[in-house]
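# Chains, contacts and geometry: an overview
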Amino acid sequence: MQSVLNILETRISEVMAKVPGSQGCPALVRPATDARFGDYQINGVMPLAKQLKTNPRKLAEQIVAKLDISDICETPEIAGPGFINLRLKPEFVAKTLVQVSKDATGLGIEKAEKPKTIVVDFSGPNIAKQMHVGHLRSTIIGDSICRLLELQGNKVIRQNHIGDWGTQFGMLIARNRRTQFGMLIAYLFGEKTAERMTKVFGKRPDDASNVIANTEQLYREAKKQYDSDPKFAKRSREFVVALQKKEQGALNYWKRIVELSINECQEMYDKLGVKLTKDDAHGESAYNDDLPGVVAELKKKGLAVESEGAVCVFPEGFKDKEGKPLPVIVQKSDGAYLYATTDLAAIRYRVGELKADKIIYVTDARQGLHFEMVFAVARKAGWVKPETELVHVTFGSVLGEDGKPLKTRSGENVKLKELLDEAIERARKVVEEKNPGLSEDEKKSIANAVGIGAVKYADYTNNRTSDYIFSFDKMLAMEGNTAPYMQYAYARIKSIERKAGDKKVDVKQEIANIKNLNLTETSEINLAKHLIRYGEAISSSAGDYRPNYLTAYLYDLAQKFSSFYNDCPVLDASADKRPTRLLLCDLTAKTIKHGLHNLLGIEVIEQM
Ligand code: ARG
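First, a word on what this report is: a plain description of the structure on this page. (Residues numbered from 1 in each chain as written. Predicted model: local features only at pLDDT ≥ 70, side-chain atom pairs only at ≥ 80, totals over all residues. Heavy atoms only, no water.)

### Points about the nonpolar core
Which entries qualify depends on this criterion: What is meant by a nonpolar core is a set of buried Ala, Val, Leu, Ile, Met, Phe, Trp, Tyr and Cys residues, joined one to another through side-chain atoms within 4.5 Å. Burial status follows relative accessibility: with a 1.4 Å probe on protein chains alone, a residue under 20% of its type maximum counts as buried, one over 50% as exposed, and anything between as partly exposed. The contact criterion used throughout is that any non-hydrogen atoms of two residues lie within 4.5 Å.
In this structure, Leu8 and Ile360 are the most contacted members of the largest nonpolar core, which totals 131 residues. Excluding residues within four positions of it along the chain, Leu8 makes contact with Val29, Tyr40, Ile69, Ile72, Cys73 and Leu86.

As structure tokens, then:
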């Protein structure tokens, strides 16, 4: 369904296009910045007046005189230097809201004019290191971007560019092998023998089974031994060589470690309600065989040159502080390939094989220069068509209450799992307080929905480019733009609907029968106006890759619903008002559920 903004823009553009000399000046219809002046404003008149060197207010008058939008808006008002303010007519709002409720999506969502194939590269954890809070943002922001773009009708291909290759695997394999050896001995000859044997062969971790189950511990212990035990370090390096030579034994160990690590990540994705599966994992190792070809092609095209033994590309326009050209190193002097080489191979694959029209990378802002340079090289090499869009969607850091990057007391990165567990635990306390009579299962599932929802929603509400302070108290508050507030707003509407159905009337039928709405009260009209703009909120959120536009819309909606519910009785409304008000309740609940559940992957609760 076409949005109101779009309809207005089309109509106004037609009038503006008839003004001689107006080429290149769009109508620029935008939501009004101040609701007191209307619902939308036309911003395009002033640039047009400038282009025509004429008085903007006069031009605005001429355009208004020719404009026929009386079926949609009250008489347009010219304001300031030449803005045109538009206010929707209640009859139009009523008619549109009925259309929205009967639309295929039931929500009036706009589909993309030309659907695209869009690759979204997000999450990208590094193998054998547990996901920490830094990966949280990429994972959940990326997930909502995928859902938004998909909803618009695009073909979205999720790519989890996991860090599953590199020299660290040498020591992981060496360590993993030792652990397995220890376990085998313990299994065959008992724990005592295992202990004696491990004394001879080196230290064995106390709980061997745990080491295999948790790759992070494996990493930590491997690193410790690597730094302290030269024999182990040597063996580790031998494994790196073996891996590079693709020796089967080494490859098997590597595969096993990668698999364990992916399983650990998958647990997190499931917990977070993020739509990523093992099939979306297409990590760095997937490009190993392409890397020599990437370098060779760059050389052949005259883009890559030898510089201090390394192979480098110097894309135009990138300079260091002293003004010297900056290199993208694609191969080190020892023959090793780099992060950038893999990213170049990935672009080639995504455009060539996956047929991407657009590739979106969701990583923290610090990788900005890396991607700018990689994009420049890929374009220069002709691996990307001029019309293919490459977008780096950046985000800031998660900070602790002290304003510094979030760390544990001992200075370690905060683990995502521990963070979520704590959120659930705290949410549980709130549930216990508010609703002690619920069953154990209900308490558990509400605490889960609220806890995880709170962490995610807090992240989404922040403008993604800024840093934000992580605060359990704030995100779990029942007031303000938080998940519990939104979840509660939803549950409240559901309880109204349940009560409405108590009197043996079929509310669904009552709503379905509605042909015309009876909107009279200001708070009714305000709520209705907001409801017909859900599609606009989605378009702007998807267009800028900013989930906070969506959360702001949802919060507004909940607040407008609150005013409406304060002013207007629903259950005891007169017969001519009741269906209208029930429909407003129903659409508000549907919209909140769609926004939270379908687009942000946050559970709603029917009863709170
Ligand atoms: N593994 C990387 C990290 O943890 C993120 C990968 C981002 N994607 C990419 N194509 N480079 O920083």
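### Overview of the site of the ligand
Rules: In these notes, residues near a molecule or strand are those with any non-hydrogen atom within 4 Å of it. Whenever two N or O atoms come within 3.5 Å, that pair is a polar contact, provided that in protein one can donate a hydrogen and the other can accept it, and provided that, for residues adjacent in sequence, both atoms are side-chain atoms. Only the protein chains shown count as cover for residues, and the accessible areas themselves come from Shrake-Rupley with a 1.4 Å probe. For this classification, the nonpolar set comprises Ala, Val, Leu, Ile, Met, Phe, Trp, Tyr, Cys and Pro, the charged set comprises Asp, Glu, Lys and Arg, and every other residue, Gly included, is treated as polar.
In the vicinity of the ligand, the residues found are Asp121, Gly124, Asn126, His135, His161, Tyr339, Asp343, Tyr361, Thr363, Gln367 and Phe371. In this structure, a nitrogen atom belonging to the ligand sits 2.7 Å away from a side-chain N or O atom of Asp121. In the model, a nitrogen atom of the ligand is placed 2.8 Å from a nitrogen or oxygen of the Gly124 main chain. Relative to its unbound accessible area of 350 Å², the ligand is 87% covered by the protein chains. In terms of residue class, the shell around the ligand is made up of three nonpolar, six polar and two charged.

### As for empty space enclosed by the protein
Threshold: Method remark: on a 1 Å grid restricted to protein atoms, a set of points is classed as a cavity if a 1.4 Å probe fits but cannot get out and as a pocket if it is open with protein on both sides within 12 Å along at least five of seven lines; lining residues have an atom within 4 Å of a point. Grid points are joined across faces, edges and corners, and a volume is the space filled by probe spheres set on the points.
Per the stated rule, a full pass over the model turns up three cavities of 30 Å³ or more. Of the volumes computed, that of the largest cavity is approximately 60 Å³. Across the lining of the largest cavity, the residue classes tally to six nonpolar, three polar and one charged.

### Regarding the pairing of strand E7 (residues 304-307)
Threshold: When DSSP finds at least two bridges between two strands, those strands are taken to pair. Each helix corresponds to a stretch of at least 4 residues labelled H or I by DSSP, and each strand to a stretch of at least 2 residues labelled E; elements are numbered beginning at the N terminus.
When E7 meets strand E8 (residues 310-313), the two strands line up antiparallel, connected through four bridges. Each residue of the ladder has a partner; that of Ala304, found in E8, is Val313. Taken together, E7 and the strand that follows it, E8, pair antiparallel across an intervening segment of two residues, in which Glu308 is found at a positive phi of about 50°.

### Details of the side chain of Glu284
Short version of the rule: Residues counted as positive are Lys and Arg, residues counted as negative are Asp and Glu, and His and the chain ends are not counted. For salt bridges, the criterion is a side-chain nitrogen of Lys or Arg within 4 Å of an Asp or Glu carboxyl oxygen.
With respect to the helices and strands, Glu284 occurs in the loop between helix H11 (248-272) and helix H12 (291-300). Within the buried core, Glu284 has no salt-bridge partner, and the shortest N-O distance to an opposite charge, that of Arg350, equals 9.7 Å.

### Looking at the state of the cysteines
What counts is decided by this rule: Any two cysteine sulfur atoms within 2.5 Å of one another count as a disulfide.
Summed over the entire model, instances satisfying the criterion amount to zero disulfides. No disulfide involves Cys265; its nearest neighbouring cysteine sulfur is the one of Cys146, lying 16 Å away. Taking the relative accessible area as the measure of exposure, Cys265 reaches 7% and is therefore buried.

### Some remarks on the pattern of salt bridges
Counted according to the given criterion, the structure contains 31 salt bridges. Across the salt bridge formed by Arg428 and Glu432, the nearest N and O atoms sit 3.0 Å from each other. Of this pair, Arg428 and Glu432 both sit in helix H15 (residues 416-434), separated by four residues, roughly a single helical turn. One salt bridge in this structure joins Arg546 and Asp544, with 4.0 Å as the shortest N-O distance. The class for Asp544 is partly exposed, based on a relative accessible area of 36%.

### Some remarks on the packing of aromatic side chains
The description of an aromatic ring pair uses the distance of the two centres, along with the angle that the planes make with each other. Applied cut-off: Working definition: a ring pair exists when centres of Phe, Tyr or Trp rings (six-membered ring for Trp) sit within 6.5 Å. Plane angles under 30 degrees give stacked, over 60 give edge-to-face, the rest tilted. Charges are assigned to positions over rings by a cutoff of 6 Å between ring centre and Lys NZ or Arg CZ, combined with an angular limit of 35 degrees from the ring normal.
This model, assessed by the stated rule, comprises 11 aromatic pairs. Where Phe561 meets Tyr565, the ring centres are 5.8 Å apart and the plane angle is 10°; that geometry is what we call stacked. Pair noted here: Phe561 and Tyr565 are both in helix H22 (residues 547-567), with a separation of four residues, about one helical turn. Judged by its relative accessible area of 3%, Phe561 is buried. By relative accessible area, which is 26% here, Tyr565 ends up partly exposed. Pairwise contacts between aromatic rings join Trp165, Phe169 and Trp254 into one cluster. It is Arg533 that lies over the ring of Tyr40; its NZ or CZ is 4.4 Å from the centre.

### A word on the sheet that holds strand E6 (residues 155-159)
Here is the rule: Here, axes are lines fitted to C-alpha atoms. For helices the fit covers the stretch in contact, and angles between N-to-C directions go from 0 to 180 degrees.
Strand order in the open sheet formed by four strands is E6-E5-E10-E11, with parallel pairing between adjacent strands. Whereas interior strands pair on both sides, the edge strands pair on one side only; in this sheet they are E6 and strand E11 (389-395). In this sheet, adjacent strand axes meet at a mean angle of 20° when their direction is disregarded. Relative to E11, strand E10 (residues 358-364) is paired through seven bridges, and the arrangement is parallel.

### What about the packing of H12 against helix H13 (residues 339-352)?
Worth spelling out the cut-off: Note that the term roughly parallel is reserved for angles under 35 degrees, roughly antiparallel for angles over 145, roughly perpendicular for angles of 65 to 115, and oblique for everything else.
Viewed as axis vectors pointing N to C, H12 and H13 meet at an angle of 90°, and their least axial separation amounts to 9 Å. In terms of orientation, H12 and H13 fall into the roughly perpendicular class. Where H12 approaches H13, its residues Leu291, Gly293, Val294, Val295, Glu297 and Leu298 are matched on the opposing element by Thr341, Thr342, Leu344, Ala345 and Arg348. Class assignment of the residues belonging to the contact of H12 with H13 gives a composition of six nonpolar, three polar and two charged.

### Some remarks on the packing of helix H10 (residues 230-244) against H11
Interhelical geometry of H10 versus H11 gives an angle of 100° and a closest axis separation of 8 Å. The angle between H10 and H11 falls in the class roughly perpendicular. Contact residues: Phe239, Ala242 and Leu243 in H10; Ala250, Leu251 and Trp254 in H11. Residue composition of the contact of H10 with H11, by class: six nonpolar, no polar and no charged.

Scope: geometric values only; no functional claims are made or implied.
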